[in-house]
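Descriptive analysis of the structure
Chain by chain, the residues run as shown.
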Amino acid sequence: MEYTGSQYIGEFVDGRMEGKAEYILPTETRYVGEMKDGMFHGQGTLYFPNGSQYDAVWEKGLVVKGTYTFADGLQYDDKFWHYCDSYDRRFYTEICHGLKPAGISQLTNMDPPRKIPNGFYDCGDGFYNPKTRIVKDYQKRFLRNADDDEHEWIVRTCRKGWDEGMHLKPELHPKPQAVQPKLDFMHPKPKL
């Protein structure tokens, strides 16, 4: 598989990948399960480098039914998904282990959160450099170039590795006028 960058460890039938196998993609995602005629077929699991996995029944390379499990153990449910929705914004680790005391914020599901390099954004599967528009995984390996839509989304929504001060817009926050002392007619200023 030198031309694809993939690796196959398993059985062959008539020169084709077939039977119990492990198929490792160049992204380090691994498929462990059954193959038929060179395709995922039968029971098999995709293991992703971030620790998540997808257990599925496959037919000729297509998923018949499957379950995605995040690295922290949360299982995705497409019908009754209640995690981090508009009614409950807690992270999964907060659901499992409780909320932090008042005044201590949990910024990500990972606690403590990853340290983001200065000038970069954490876009969920790696760090993004807005100057080069490159996303690298957390081990600093190239993942992809961000197109305009992804760049805009990352800059608008993702955590960044630096702090910015609050800047007041003059039209929204006019400068205060000099305060004139109020004259108190009930208690006039004493004459000296």
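Residues numbered from 1 in each chain as written. Predicted model: local features only at pLDDT ≥ 70, side-chain atom pairs only at ≥ 80, totals over all residues. Heavy atoms only, no water.

The name given to the protein chain in an unreviewed UniProt entry is MORN repeat-containing protein 5, and the organism recorded there is Erinaceus europaeus. You can read under Subcellular location (unreviewed entry) in the UniProt record for the protein chain the words "Cell projection, Cilium, Flagellum". (UniProt positions renumbered as here; feature names shortened; annotations may be inferred.)

Remarks on the packing of aromatic side chains
To describe a pair of aromatic rings, you give the distance between the ring centres and the angle between the ring planes. For the structure shown, the criterion picks out 10 aromatic pairs. Ring plane angle 70 degrees and centroid distance 5.1 Å describe the contact between Tyr8 and Phe12, whose orientation is recorded as edge-to-face. Using a relative accessible area of 12% as the deciding quantity, one classes Tyr8 as buried. By relative accessible area, which is 52% here, Phe12 ends up exposed. Between Tyr31 and Phe40 the ring centres are 3.7 Å apart and the planes differ by 5 degrees, which places this aromatic pair in the stacked class. Three or more aromatic residues joined by ring pairs make a cluster, and in this case those are Tyr23, Tyr31, Phe40, Tyr54 and Trp58. The ring of Tyr138 carries Arg114 above its face, with NZ or CZ at 3.4 Å from the centroid. (Phe/Tyr/Trp six-rings, centres within 6.5 Å; stacked < 30°, edge-to-face > 60°. Buried < 20%, exposed > 50% of the residue type's maximum accessible area, 1.4 Å probe, protein only. Lys NZ or Arg CZ within 6 Å of the ring centre and 35° of its normal.)

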